[in-house]
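Here are the chains, one letter per residue:
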Amino acid sequence: MKNIFEAKFLTDFTSTLANMYRLGWDERNGGNLSVMLEEEEVKEYLDINNVLRTIPMGFYAPSLVGKIFIVTGTGKYFKNAQGDPETNVGIFKVAKDGETAELLWGYKDGGKFTSELPAHLMSHIERLKVNPNNRVIMHTHPINILSMTFVHSLDEREFTRTLWRTITECMVVFPDGVGVLPWMICGTNEIGIATAEKMQKFRVVVWAHHGLYGAGNDLDEAFGLIETVEKAAEIYLKIKPFEIQSWITDPQLKEIAKRFDVTYPEGWVED
Ligand code: 2HA
Ligand code: ZN
């Protein structure tokens with residue numbers, strides 16, 4: 001068996017957490033991350049039939065039976081994950097009953113997965129329906145996008161259009177737009193269901209006054225997507241106090257979409 005501390009799926013996971021922490025996105029135990037792993041890659045490092053303990057998930061996910069996930073631990077700090085992954089991160093398989101996690105590695109101090117597991121796994125389920133290559137769900141508290149939810153309409157068409165119109169690359173990176181949820185209690189199945197429903201259409205779902213969820217085929221893609229949304233929000237907040245002399249216009253948005261061959265939701269760019 002190879003040394004799991006050298007597994008790329010683990011080192012990429014913890015270095016991503018470190019980057020998120022350094023950007024100021026994940027204070028204290030803020031944020032959580034989950035990646036669906038391939039059984040073949042995990043088998044090189046772990047006996048996938050050796051279950052350390054079982055943990056009830058609190059909801060039923062039949063379509064994920066047998067799937068293996070690496071997930072941040074509840075109450076754990078992103079800043080500590082690289083130094084001590086075995087305490088701060090866990091790897092589990094969804095048991096045959098579809099509602100129990102079979103721990104294969106990690107959560108060494110007796111801990112368990114993030115309180116946001118429902119939102120993560122429900123989002124995985126919905127993203128996989130529209131994109132079988134999706135592997136990553138990332139939840140974080142970026143400063144600017146969070147701030148924007150206090151001063152901007154939460155209408156998702158308007159919210160998206162503001163972001164698109166601040167940086168040319170936004171239309172290319174998230175032509176599907178961003179979903180927005182009003183303030184809700186976090187850590188519940190209800191916010192999980194609401195987030196997953198938005199994930200049918202969007203790869204980014206903003207949680208007002210809390211943060212956002214992002215999805216991607218790999219860690220770089222999910223991270224890059226959130227980084228771009230966050231930067232657009234930063235530009236918006238920087239320019240908002242001033243009289244704006246020029247925005248990216250609707251005809252320009254159309255030109256970008258045409259040039260980069262991307263499609264946006266109908267009616268979200270004006271004629
Ligand atoms: O796990 O970010 O939404 C900490 C959180 C909860
Ligand atoms: Zn959060």
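Residues numbered from 1 in each chain as written. Chains lettered and ligands numbered in written order. Predicted model: local features only at pLDDT ≥ 70, side-chain atom pairs only at ≥ 80, totals over all residues. Heavy atoms only, no water.

**Section: the coordination of the zinc ion (ligand 2)**
Note the threshold: As a rule, N, O and S atoms within 2.8 Å of a metal are its donors, except that Na, K and Ca use 3.2 Å; water is not among the atoms, so sites may look incomplete. The helix and strand labels rest on DSSP assignments: H or I over at least four residues marks a helix, E over at least two residues marks a strand, and numbering proceeds from the N terminus. Whether a residue is buried, partly exposed or exposed follows from its accessible area with a 1.4 Å probe, protein chains only, as a fraction of its type maximum: under 20%, in between, or over 50%, in that order.
Donor atoms from the polypeptide that coordinate the zinc ion (ligand 2) comprise His 139 (NE2), His 141 (NE2) and His 210 (NE2), at 2.0 to 2.1 Å from the metal. Positions of the donor residues of the zinc ion (ligand 2) along the chain correspond to the pattern H-x1-H-x68-H. Placement of the pair is His 141 in the loop between strand S6 (136-140) and helix H6 (143-151) and His 210 in the loop between strand S8 (204-207) and strand S9 (211-216), with a sequence separation of 69 residues. Residue classification places His 210 among the buried positions, given a relative accessible area of 16%.

**Some details on the environment of Gln 252**
Locating Gln 252 in the fold gives a position in helix H11 (residues 250-259). Since its relative accessible area comes to 37%, Gln 252 is described here as partly exposed. Sequence separation between Gln 252 and Arg 165 is 87 residues, and the spatial gap between their C-alpha atoms is 9.1 Å.

**Digging into the site of ligand 1**
Inclusion rule: Residue proximity to a molecule or strand is established when one non-hydrogen atom of the residue lies within 4 Å of it. For the purposes of these results, a polar contact is taken to be a pair of N or O atoms within 3.5 Å, where, inside protein, one atom must be able to donate a hydrogen and its partner to accept one; residues adjacent in sequence count only when each atom of the pair is a side-chain atom. Residue-level accessible areas treat just the shown protein chains as cover; the underlying method is Shrake-Rupley with a 1.4 Å probe.
Lining the immediate surroundings of ligand 1 are Asn 29, Gly 30, Gly 31, Asn 32, Glu 116, His 139, His 141 and His 210. Interatomic distance of 3.2 Å between a side-chain N/O atom of His 139 and an oxygen atom of ligand 1. At 3.0 Å from an oxygen atom of ligand 1 is found a side-chain nitrogen or oxygen belonging to His 141. Isolated, ligand 1 exposes 220 Å² of accessible area, and the fraction of that covered by the protein chains is 89%.

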